[in-house]
Amino acid sequence: MEYNFRIIEKKWQEHWKAIGAYKVSNESNKPKYYVLDMFPYPSGAGLHVGHPLGYIASDIYSRFKRLKGFNVLHPMGYDAFGLPAEQYAIEHGVHPATSTAQNIANFRKQLDNIGFSYDWDREVRTCEPGYYKWTQWIFLQLFNSYFDRLTLKAESLTLLINEFEQIGNGKHECPGDPTIKFSAAQWNAFSEKAQQDILMQYRLAFCGIGEVNWCDALGTVLANDEVVNGVSERGGHPVVKKKLRQWYLRITEYADRLLSGLETIEFSDAMKEMQTNWIGKSYGAEIAFSVVHGPSTIEHGLTVYTTRPDTIFGVDFMVVAPEHELISQITTDEQKTAVDEYISYVKSRSDRERQAEKKISGCFTGAYAVNPFNGRQIPIWISEYVLAGYGTGAIMGVPCGDERDHKFAQQFNISITNIIGNFYNGVDANPTKEAKLTNSDFLDGVVMRDAIGIVNEKLVEMRIGKKKVNYKMRDAAFSRQRYWGEPFPIIWKDGIAYPLNENELPLLLPEVESYGPGPEGEGPLANLKDWIEAPLVNLQDWQGAPLSINRKGPAVSQTGMRETNTMPGYAGSSWYFLRYMDPHNSSTFCDRKVSDYWNQVDLYIGGTEHAVGHLLYSRMWTKALYDLGHIGFDEPFRKLLNQGMIQGSSRFVHRMTFPVSVDTLVASVVSKGENVDTKKTIFISDGIFNDIKNLSPFDQIQTLKKAEPVLDISNYSTTFFTTLHVDVNIVDGLELDVEAFKKWKNGEYADAEFILENDKYICCSEVEKMSKSKFNTVNPDELVNKFGADTFRMYEMFLGPVDQSKPWDTKGIEGVHRFLKKLWRLFFDEMKGQVWNEGKANDAELKILHRAIKKIEEDTERFSFNTAVSTFMICVNELADLKCNKREILEPLLIMLTPYAPHIAEELFQQISATPLFAEQRGAGGESSVLDASFPVFEEKYTIESSKEYPVSINGKVRTNINIALDATPEQVQEIALSNAVIKKWVEGNPIKKFIFVKGKMINVVI
RNA sequence: GCCCUGGUGGUGGAAUUGGUAGACACGCAGGACUUAAAAUCCUGUGAUCAGCAACGGUCGUGCGGGUUCAAUUCCCGCCUGGGGCACCA
């Protein structure tokens, strides 16, 4: 019997599917374990070998936990709303639902090939009404809630309204606008519109005005990555900021809980640090400066935020964001032109470009701020590096203490006040807090750290400032001007947003004729006149929501306008882990009993690219649902494992082309692909290319003529080169398969000639992101077909640590395949037939097995799958060396292998169970599956060693090894070591300064 | 620019808590089996110096310093690859 993986894998996949081997019940007396993958966006390009890395890891861990006796939930689904499907629709006229369904079907086929243990009955798709009904429902929960800063949790807005009616908003500062203050009497007298406007400032999901990237030429809003250097990626049209009404999630209210929650979950330190930095909590002060512009003064007109109020006497200039509202007021006539020019320059630039800009830019407004402590006039500048959205959009520039301020001062020749004495060297800023202040009036001699509090007190006393906690994090923009997303269950009337009733959900995404934007840059839904106009019938007091329109009697035959934005991609992905628990429930998003059983995701696997987006949003949604009593835990993911990115290793060929007419053309003016002799294309091997690349085109030709006389290039006196991506799948290592290359791209290069080195065409290579356009993707299907799913799974794990990024290289896959074949031969040998037997295992064999059990269990538990695979190899190598074919050893080995290579494990497990002896142990027919076997138990007694081959070093350099009993005393060890001939030779009468002995590790003699 | 992360033989990587650097595998070279090939098996394989050989010596974990009996591991400074930076998912 030979190892026929194609037959075996197909057989077991069908069998497992038929018997529902991966079906998971919500009721079990086993302990639960929830393993989750970040679900994929089903792109049209299909899976490449990078996708399954995390899925294989989670599958191995799920199966491992199952063998360990857990009831394991391991679901999969699709993050199916998103921009690419919509763009495909715009370009090809295919409905996103259609292309998405096709892509999903393709993904599923590819996933099934690899043999995952997903319970597909629990699949979710975020774009399906049965799913997004509950996304809309959760949105309404957020819409009808506010964050209570006293109880630090989300509460129903009804509570707040009751309070407003009784006592006004004195107890609850308005998060959207802290200046809003009213009494109960005032509240009750407000119009409905005024009341609703105020409530909007409290809601967790709220409406406001935001800026988008607007491209007038394309008539649409663009994503950041569709904008390159201020112009659209497609077409290169100018892009400007445009203000639009937008929905937001008030995630900033959760900033502190998102921070403190990190202490309760197992994310890597790096991940926690990224989230912490993203939230960016800082303690500082707001200080109001009076502003002098021309003859006028604005008292306390400019408020800055600073984390270093202690440096107040070192302020040499102010910088305000180009969007700052004060600018139009304070700019002097002389500066007006310059300021206008500068602002229009900034308008075309993204936040990131503004911050990444190395060249300091800025513009003086002509106005001055007045230092409240010494009356000094400080010039007010505008610069792009100050962002409107952070702090107050204005900073005070302290060049001696801040690197960027220092550069700014140097750039614009602003004289620098030194307030830190020797700590400032005149060349670089020094952000220390330890210096004693100088040139600082009443703070002279005070250590900076202590001065912070003194200044803060003084600011309060003078009523010009206060301590302030600030967050870098902004409220999350929650609306998109797109089609392919969840519609908002909102109807607008007279500027008031009315939520739909629960029984009106889901609000279905309507069909559109065109996926283009609406007339004012809204989403495509804005074009649907009939759909937009919606009756406001049946408006009821929805879950206590404040619909005062309802209090004035039943609102019959009123109509409003539907919200035309849709929700962003992260809406559906913020809660999908809950839906997997109870995916078919039509009366609630997830039954509370079920979510209490499954509770948190125990292990979440996905890439670091979601470090701050998805992972923060889903944490916030979980907290809000917890606050409102819908679930019983407030962190979604107990443990997070980040998988590294698998990069593509691109291959390149060098193409030589020749100008049509050398007499009339100079090589340097020949542009790519034009005016060239298309009949003559020569590809030149990398080594030869490198030899000649620095020569002049003329010398290149001459050199090649000499070296390759058969090439007919004598007509040409010049040439030029292009380096092109070539499909990695027709390159073996670096050697190009020339014949395959000629057939590639439908024979585009069929007539090409080649300059080889050592009869080979050698490519050059580079590691890049894996992508179709770079021809560096490797399709798992082909590998699975060639080597089998088990080999593929183990090879992906064998590549390296799962959390590390690494370039893909198919080469080593043979080694893993050989390992499985070798394992197979422990059971069946083609020449001899069955070789496995019921012999009694000896000590050496048991030692091999139990060492493997220990290592594989530990490695799997700590996600070190690559070393686990190598332990399997070592174990099989050793057993083969001993010619051990005993079931007593092989069966536990198969069970351990199940998570990694389930098909071969099951096949061999069934083969050895088919004996009469074994069938009796298993029950009738021996039909139980290896999937439900028990992971073998490590027994130390088989692995105990009595002695150790100690490395003995002289001054840290290993000179010899000595075998010493493990129970030898340090004195005995020293005597043995020092009497060793090699050691004696090295010591050679020198006095022993120190003798270091670490039991079980090493010996070091210091002389 | 800011935040995070990685850098070890020809290649992917191992070394789990400061204790034998290079496990395991690929590749390569040589050999066995074979009419031949495939498959399989065996041997060697960090660099360098010395030698007929045996036993060896020196260097070596991106670069430069430091701590230590001992550093891939800890500390400081630098170089460099990758990811993220709020409308890609």
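A quick note: this is a predicted structure, and the numbers were derived from the prediction, not measured.

About the thresholds
Residues numbered from 1 in each chain as written. Chains lettered and ligands numbered in written order. Predicted model: local features only at pLDDT ≥ 70, side-chain atom pairs only at ≥ 80, totals over all residues. Heavy atoms only, no water. Buried < 20%, exposed > 50% of the residue type's maximum accessible area, 1.4 Å probe, protein only. Helix = DSSP H or I, 4+ residues; strand = E, 2+ residues; numbered from the N terminus. Pairing = 2+ DSSP bridges. pLDDT = per-residue confidence, 0-100. Contact = heavy atoms within 4.5 Å. Near = heavy atom within 4 Å. Polar contact = N/O pair within 3.5 Å; in protein donor to acceptor, adjacent residues only side chain to side chain. Disulfide = S-S within 2.5 Å. Axes fitted to C-alpha atoms, helices over the stretch in contact; angles between N-to-C directions. Expected span 1.5 Å × (residues − 1).

In terms of burial, strand 5 (residues 205–215) is largely enclosed, as nine of its 11 residues are buried. For strand 5 and strand 9 (residues 240–249), the ladder comprises 10 bridges, and the chain directions are antiparallel. Bridge pairing links Trp-214 to Val-240 in strand 9. Across three bridges, strand 5 lies against strand 6 (residues 220–222) in antiparallel orientation. The residue bridging Cys-215 from the neighbouring strand is Thr-220, located in strand 6.

A two-sided burial pattern is seen for strand 18 (residues 490–493), the buried positions comprising Ile-490 and Trp-492 on one face and Ile-491 and Lys-493 on the other. Following strand 18, the chain reverses through two residues before pairing antiparallel with strand 19 (residues 496–499); Asp-494 in that reversal takes a positive phi of roughly 50°. Looking at chain direction, strand 18 and strand 21 (residues 559–562) are connected through two bridges and run antiparallel. If you follow Trp-492 over to strand 21, its bridge partner there is Met-561.

Of the residues in chain A, 94% have a pLDDT of 70 or more, and the chain-wide mean is 88. In this model, residues 540–555 is a region of pLDDT below 50 whose contacts with residues beyond four sequence positions or in other chains number 41 contacts. Throughout residues 662–674 the model reports pLDDT below 50, and contacts reaching past four residues in sequence, or to other chains, amount to 15 contacts. With pTM at 0.90, the complex prediction returns an ipTM value of 0.95.

It is worth spelling out the environment of Phe-267 at this point. Mapped onto the elements of the fold, Phe-267 is located in the loop between helix 9 (255–261) and helix 10 (269–279). The spacing of Phe-267 and Arg-638 is 371 residues in sequence and 8.1 Å in space, taken between C-alpha atoms. Look past the residues within four positions of Phe-267 in its chain and what remains in contact with it is Lys-272, Gln-275, Phe-637 and Leu-640.

All right, on to the protein's contact with RNA strand B then. Around RNA strand B lies a shell of 70 residues, among which Ala-223, Glu-273, Arg-352, Leu-799 and Arg-818 are the nearest. Each atom of RNA strand B within 4 Å of the protein was classed as base or backbone; sugar and phosphate made up 64%. The contact in question runs from a base nitrogen of RNA strand B to an N or O atom on the side chain of Gln-246, over 3.0 Å. At 2.3 Å from a phosphate oxygen of RNA strand B is found a side-chain nitrogen or oxygen belonging to Glu-273. It is helix 29 (residues 865–881) that contributes the most residues to the surface near RNA strand B, six residues altogether.

Before going further, it helps to spend a moment on the state of the cysteines. Counted by the stated rule, this structure contains zero disulfides. Here Cys-207 is not disulfide-linked; the sulfur of Cys-174 is the nearest cysteine sulfur, at 15 Å. Overall, Cys-207 belongs to the buried group, its relative accessible area being 10%.

With respect to topology, four strands assemble into an open sheet ordered 35-34-37-36, the strand pairing being mixed. The open sheet has two edge strands with one neighbour each: strand 35 (957–965) and strand 36 (994–998). Within the sheet, the average angular offset between the axes of one strand and its neighbour, ignoring direction, is 20°. Bridge count for strand 34 (residues 947–954) against strand 35 is eight bridges, and the pairing is antiparallel. Residue Lys-948 lies in a different strand from strand 35, and its bridge partner there is Ile-964. Across the sheet, helix 33 (residues 970–978) lies against strand 35, strand 36 and strand 37 (1002–1006), angled at about 115° from strand 36, the strand it touches most.

Strand order in the open sheet formed by four strands is 6-5-9-17, and the pairing between neighbours is antiparallel. Each edge of the open sheet is held by one strand with a lone partner, namely strand 6 and strand 17 (476–477). With two bridges connecting them, strand 9 and strand 17 associate as antiparallel partners. The residue bridging Leu-249 from the neighbouring strand is Ala-476, located in strand 17.

What follows covers helix 12 (residues 333–347). With 15 residues, helix 12 should reach 21 Å at 1.5 Å per residue; the first-to-last C-alpha distance of 21 Å fits that figure. Within the sequence span of helix 12, burial applies to Val-339, Tyr-342 and Val-346. Structurally, helix 12 contributes buried residues whose contacts are with helix 11 (327–330), helix 13 (351–356), strand 13 (363–370) and strand 14 (377–382).

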